[in-house]
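What follows is the residue order along each chain.
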Amino acid sequence: MTVDSEDFTEIGKPLPRREDRRLLTGQGRFVDDIAIPGALHAVFVRSPHGHARIREIDTVEALELDGVVGVFTGKDLNAWTNPLRLAPPIEGLLPTKMTTLPEGKVRFHGDPVACVLAVDPYTAEDAAERVAVTYDTLEAVTDAAAALAPDAPRVDDDLESNLVSRQSFSAGAPAARRREAHAVVEAEFHQHRQTHAPMETRGCVAVWDEGRKHLTMHIGTQIPHPLRGQLAGRLGLSESQVTVVSPDIGGGFGQKIALYREELVIAALTRHLKRSVRWREDRLENLMAASHARENTCRTRASVDRSGRILGLEFEITEDFGAYCFYPANYMSRVVAMILTGPYRIRDYAYEVKVALTNKCGSGPMRAPMAITSWVMDGTIDAIARQLGLDPVEVRRVNMLSPADFPHTMPTGEVLEDISPAETFEAAVKAVDVSAIRRRQGATCDDGRLIGLGFCTVVESTTYGSHFYKSAGIAGSGHEAAWVRIEPSGAVNASVGLMGSGQGYETPLAQAVAEGLGVGTDDVRVHMGHTDIAPYGMGSRGSRGATAGGGTLYLCARKAQERVLTIAAAVLGLNSADTASLRLRDRRVQRRIDDAWQDTELTLRDVARTAYLDPTALPEGVPPGLDVAMTYDPPPMTYSNATHACIVAIETATGRVVIERYLVAEDCGTVLNPVVVRGQQQGAIAMGLSGALFEEVVYDASGQNMSATFADYLLATACELPNFEILHMNTPSRQTPAGIKGMAEGGVMGAIGAVTNAVNDALAPLGVVANRQPLSPQYIRGLIRSAENTKNPRRHGS
Amino acid sequence: MDSRHDIELSVNGDTHRISVQARRLLSDALREDCGLTGTHVGCEHGVCGACTVLIDGRPARACLTYAMQMEGHEITTIEGLGGTDGYSPLQQAMQDEHGLQCGFCTPGILVTFEAYLRDNPDPTEDEIRDVLSGNLCRCTGYENIVAAVKKAAAGMRGEPE
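Residues numbered from 1 in each chain as written. Chains lettered and ligands numbered in written order. Predicted model: local features only at pLDDT ≥ 70, side-chain atom pairs only at ≥ 80, totals over all residues. Heavy atoms only, no water.

**Describing the environment of methionine 199 of chain A**
Now for step 1: Within the secondary structure, methionine 199 of chain A is located in the loop between strand E11 (194-195) and strand E12 (203-209).
Now for step 2: When the C-alpha positions of methionine 199 of chain A and threonine 507 of chain A are compared, they lie 22 Å apart, and in sequence the two are 308 residues distant.
Now for step 3: If sequence neighbours within four positions are ignored, methionine 199 of chain A has contacts with Gly250, Arg283 and Phe710 of chain A together with Gly42, Cys48, Phe104, Cys105, Leu136 and Arg138 of chain B. (Helix = DSSP H or I, 4+ residues; strand = E, 2+ residues; numbered from the N terminus. Contact = heavy atoms within 4.5 Å.)

Dropping the structure here:
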């Protein structure tokens, strides 16, 4: 379906967000704001060890405390709940099983071993400190290399080794290309462990209705319906016995997708005790035990000709997945491998993906689960330029896909179309004035600063339709569901299976409905996050909100408009085939007469009144009411693209990286609401820069988490982040409703690549390369010192 | 630890008579005993700034303050900002400039700058960023918050947009 976006009246308007009023006046409603009279408060007792056998859990002292209702351990919970079995039919992936609480051994620092319930949270905390757990500590494995060593201690006793997943792939003949190559360029990329750190931590309130045998779970979740299915399955309830209600969410970034063990414990206890139970994790728990992400090491080997053209590319990625599999372990790294070649013309390609279990918090998808992709690819291009003494801009041009190449099938079979990487790249090059920066770098610089320019071109996989899951061997669906209901008064309600976690869905999704139906955005209200109200959809993940959610709503609203016009035609005494000469615009039925649209006497309200209150007046075959529902499965993938450019100054004395300028040329197709899209671009770049420069989850050799406060796990503040210049480009998708594509994750991908490439451009005269993040002052200063020592060993030798 | 104390909390001009343990945090007392859930708790160790309230007009962390310490002091929370007709200039500017996304950190930012702009009506961008560095935001990248504060300041000085 193609739509001329020029004709849109609602889609594309920069409307302010509807959520803002309640959030700006203190009337937001987050989980912890929901008062449930008599609810008990839960606190978890957690492992202080990275790896240990549980010998005994003594709860006597805790139970003696006034106000304590109970202390529950794995023995209790595992009898009341079913374990999580992950055994999708994926070659090279070991099946795993996780109980609700561990009974035999703990696998990471923060692993929950018991849950204390009390009448208030202070008492529950006191009691948790009185639970005495005796452990026999075990040797911990705290990085992927140690985990994969022969005879390494096993993280999961049920598995033969810690290598929980391994896949490989080859297209063309990369080994042959290596033999023919002018040069073979090798590069390494170490991405460190990070965590989502939403400002609102996890939490939930569970209410059990014994009379109806029904569980209501108030929980901030990105995926209400799949979570309901998980809860019902783990508790042995029917999906008709569970309602998931998601209120306002204080950020998710991928952390609020899985059903975590703590949440399942709360649900099980509320049912067992027939009393409401609530849990709010504290920040220490969130940083230590919620979900981590990103830790992986990549190696590339590029076979190139004299001009830097890539003849063949070989790629290895090894991910440290932590102790538990809440997702199939191949989930994130394999997508990196599948889309690595991105905007570049590479035919001969091979990859190997390895995922290791370690004694750390389990990993999951975090905004741009494939974040490292563009750093690895554009970092490899820069490595080629360095080794061959070529201009990095020219090496990009030599390899970049041109407009004539599309649709382009990547070596892994993924198809790119309706993207514009060469255009965004040239726009970024033009905007930064490369030669001016080269002149600055060439000038004698005695102010103790090194200047660097980095580019990173991103091809961002978004939406993830069902066919992608199928071809990637991942169980799951990418479809979405919506309903649009015009009420008897003409008011428009709509719903979709998404759940926003702060993006601001309520306005752009209302714009999609308004556009499809022919009303104003103010006339539409979109309801989300309640499983009894919303249709079963797959929720919010993988930048699917706009295409899957907005697209389904738009199509559903168009279907509703068709229904309205069919009724209008009958009321106006027209032939039912004459709906093509009718349209709904701004709540009025209009008719085309002599190539001009003219108002009829009918409004949406008139049609609605007929549909609901005078159904005998409806044409034959048209059912009473105006209630339209539909599902839609988007294309396997939609791709957005962007080029990021970053200029940094490194203070040589301290190693501090200062971002002088940051710009991005971005093409994400039809934009539902530019206010929201710009906010998503800014937020994604900020998260990428914060992660690349400052954030780091640190474990010591025994598996102790050393970074469980915001004084240790450093998020970028307003003083460290620049303003972002954004150049908009627009290539609508021809495969989706209204030309929509996804976005909101590519900013992370581009940021970590652009800033690191800029740092390496600055360091190039010293002959050192930063191949790991974070780009902390200590790390950068260490690289500079090593270069100084090499150059002048006597002066710096001590 | 168990003994309770009857105290009066003066919040946004209203008096709340509540009974608290000595260790009860001001943030918990505001949210649970006074029913003012607009003050959010993001870290409970004084770094993130989400729980910031005004104590006698000065910004302070409600998660690092005991409720009992607040007798005889005037507390202002997010619910106390803005007039009866709606937004304060800063709230309006935050909406206009898209200065919030999930909105969890927003109350702390608003009360911080309501106080700051009263004393510093014409701040530079660097000064705004320096003050804002006491509040963590995971969604916005801060740029639009800075723009909102600038816009609110200009409006409060009576300058045209």
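**Considerations on the domain arrangement of chain A**
All names here are of chain A.
Now for step 1: What the domain assignment lists for chain A is domain 1 (5-27 + 479-632), domain 2 (34-138 + 201-249 + 256-290) and domain 3 (292-466 + 636-794).
Now for step 2: Put simply, the middle of domain 1 and the middle of domain 2, counted by C-alpha atoms, are 40 Å apart.
Now for step 3: The interface is formed by 19 residues belonging to domain 1 together with 17 residues belonging to domain 2.
Now for step 4: If you sort the residues of domain 1 by the area they bury against domain 2, Met499, Thr531 and Tyr536 come out on top, with a joint share of 39%.
Now for step 5: The interface formed by domain 1 and domain 2 includes one salt bridge.
Now for step 6: Where domain 1 packs against domain 2, one counts eight residue pairs in polar contact (both at pLDDT 80 or more).
Now for step 7: When grouped by side-chain class, the residues that make up the side of domain 1 that touches domain 2 number six nonpolar, 10 polar and three charged. (Domains from an automatic or database assignment. Buried area = accessible area lost by both parts, 1.4 Å probe. Salt bridge = Lys/Arg side-chain N within 4 Å of Asp/Glu carboxyl O. Polar contact = N/O pair within 3.5 Å; in protein donor to acceptor, adjacent residues only side chain to side chain. Nonpolar A, V, L, I, M, F, W, Y, C, P; charged D, E, K, R; others polar.)

**Thoughts on the pattern of salt bridges**
Residues and elements named next belong to chain A.
Now for step 1: By the definition in use, this model includes 65 salt bridges over all chains.
Now for step 2: Residue glutamate 295 is joined to arginine 193 by a salt bridge in which the shortest nitrogen-to-oxygen separation is 2.6 Å. Here the residue glutamate 295 occupies a position in the loop between strand E16 (292-293) and strand E17 (296-304), and arginine 193 occupies one in the loop between strand E10 (183-191) and E11, the gap between them amounting to 102 residues.
Now for step 3: Taking relative accessible area as the criterion, glutamate 295 reaches 17% and is therefore assigned buried. (Buried < 20%, exposed > 50% of the residue type's maximum accessible area, 1.4 Å probe, protein only.)

**Looking at the pairing of strand E2 (residues 14-21) of chain B**
Side-chain direction in a regular strand flips from residue to residue, so the side chains alternate between the two faces of the sheet.
Residues and elements named next belong to chain B.
Now for step 1: Pairing between strand E1 (residues 4-11) and E2: eight bridges, direction antiparallel. Counted as the bridge partner of isoleucine 7 is isoleucine 18 from E2.
Now for step 2: As consecutive antiparallel partners, E1 and E2 are separated by two residues, and within that stretch asparagine 12 has a phi angle of approximately 55°, a positive value. (Pairing = 2+ DSSP bridges.)

**Points about the nonpolar core**
Now for step 1: By size, the foremost hydrophobic cluster in this structure holds 185 residues, and its most contacted members are Phe315, Phe455, Ile650 and Ile780 of chain A.
Now for step 2: The element that contributes the greatest number of residues to this core is helix H20 (residues 746-763) of chain A, accounting for 10 residues. (Core = buried A, V, L, I, M, F, W, Y, C linked by side-chain atoms within 4.5 Å.)

**Remarks on the interface of chain A and chain B**
Now for step 1: With 54 residues of chain A in contact, the opposing surface of chain B contributes 45 residues.
Now for step 2: Interface area, chain A with chain B, both sides summed: about 4100 Å², of which 54% is carbon and sulfur.
Now for step 3: Counting the surface chain A buries against chain B, the share from its top three residues, Leu24, Tyr122 and Met199 of chain A, is 21%.
Now for step 4: Along the contact surface separating chain A from chain B lie five salt bridges.
Now for step 5: Across the chain A-chain B interface, the total number found is 25 residue pairs in polar contact (both at pLDDT 80 or more).

**Some words on the sheet that holds strand E8 (residues 132-137) of chain A**
Residue and element names in this part refer to chain A.
Now for step 1: One open sheet accounts for three strands, arranged E6-E2-E8; its pairing is antiparallel. Of all the strands in the sheet, the pair left with one neighbour each is strand E6 (105-106) and E8.
Now for step 2: Both strand E2 (residues 52-58) and E8 contribute to a ladder of six bridges, which runs antiparallel. Residue pairing in the sheet places alanine 52 in a bridge with threonine 137 of E8.

**A word on the side chain of threonine 106 of chain B**
Now for step 1: Here threonine 106 of chain B lies in helix H3 (residues 106-119).
Now for step 2: Those residues in contact with threonine 106 of chain B, other than ones at most four positions away along the chain, are Leu23 and Leu24 of chain A together with Met94 and Leu100 of chain B.

**Some points on the domain arrangement of chain B**
Residue and element names in this part refer to chain B.
Now for step 1: One can read the domain layout of chain B as domain 1 (4-80) and domain 2 (89-156).
Now for step 2: The C-alpha centroid of domain 2 is placed 22 Å from the C-alpha centroid of domain 1.
Now for step 3: On the domain 2 side, the residues contacting the 17 residues of domain 1 number 15 residues.
Now for step 4: In total, domain 1 and domain 2 occlude about 1100 Å² of area from one another, counting both sides; carbon and sulfur atoms represent 61% of this.
Now for step 5: Across the domain 1-domain 2 interface, the total number found is one salt bridge.
Now for step 6: The shortest N-O distance in the salt bridge between aspartate 119 and arginine 58 comes to 3.1 Å.
Now for step 7: Linking domain 1 to domain 2 there are six residue pairs in polar contact (both at pLDDT 80 or more).
Now for step 8: Among the secondary structure elements, those contributing two or more residues to the side of domain 1 that touches domain 2 are strand E3 (52-55) and strand E4 (58-61).
Now for step 9: In the side of domain 1 that touches domain 2, the residues fall into eight nonpolar, seven polar and two charged.

**Some remarks on unusual backbone geometry**
Residues and elements named next belong to chain A.
Now for step 1: Between phenylalanine 406 and the following residue, proline 407, the backbone shows a cis peptide bond with an omega angle of 0°.
Now for step 2: Locating proline 407 in the fold gives a position in the loop between helix H12 (392-399) and strand E20 (408-409).
Now for step 3: The omega torsion of the bond from glutamine 773 to proline 774 falls at 5°, within 30 degrees of zero and hence cis.
Now for step 4: Counting through the fold element by element, proline 774 comes out in the loop between H20 and helix H21 (777-791).
Now for step 5: Unusually for a residue other than glycine, alanine 197 sits at a positive phi of about 45°.
Now for step 6: Along the chain, the position of alanine 197 falls in the loop between E11 and E12.
Now for step 7: One non-glycine residue, arginine 294, lies in positive phi territory at about 80°.
Now for step 8: Within the secondary structure, arginine 294 is located in the loop between E16 and E17.
Now for step 9: Given the relative accessible area of 7%, arginine 294 is considered buried.

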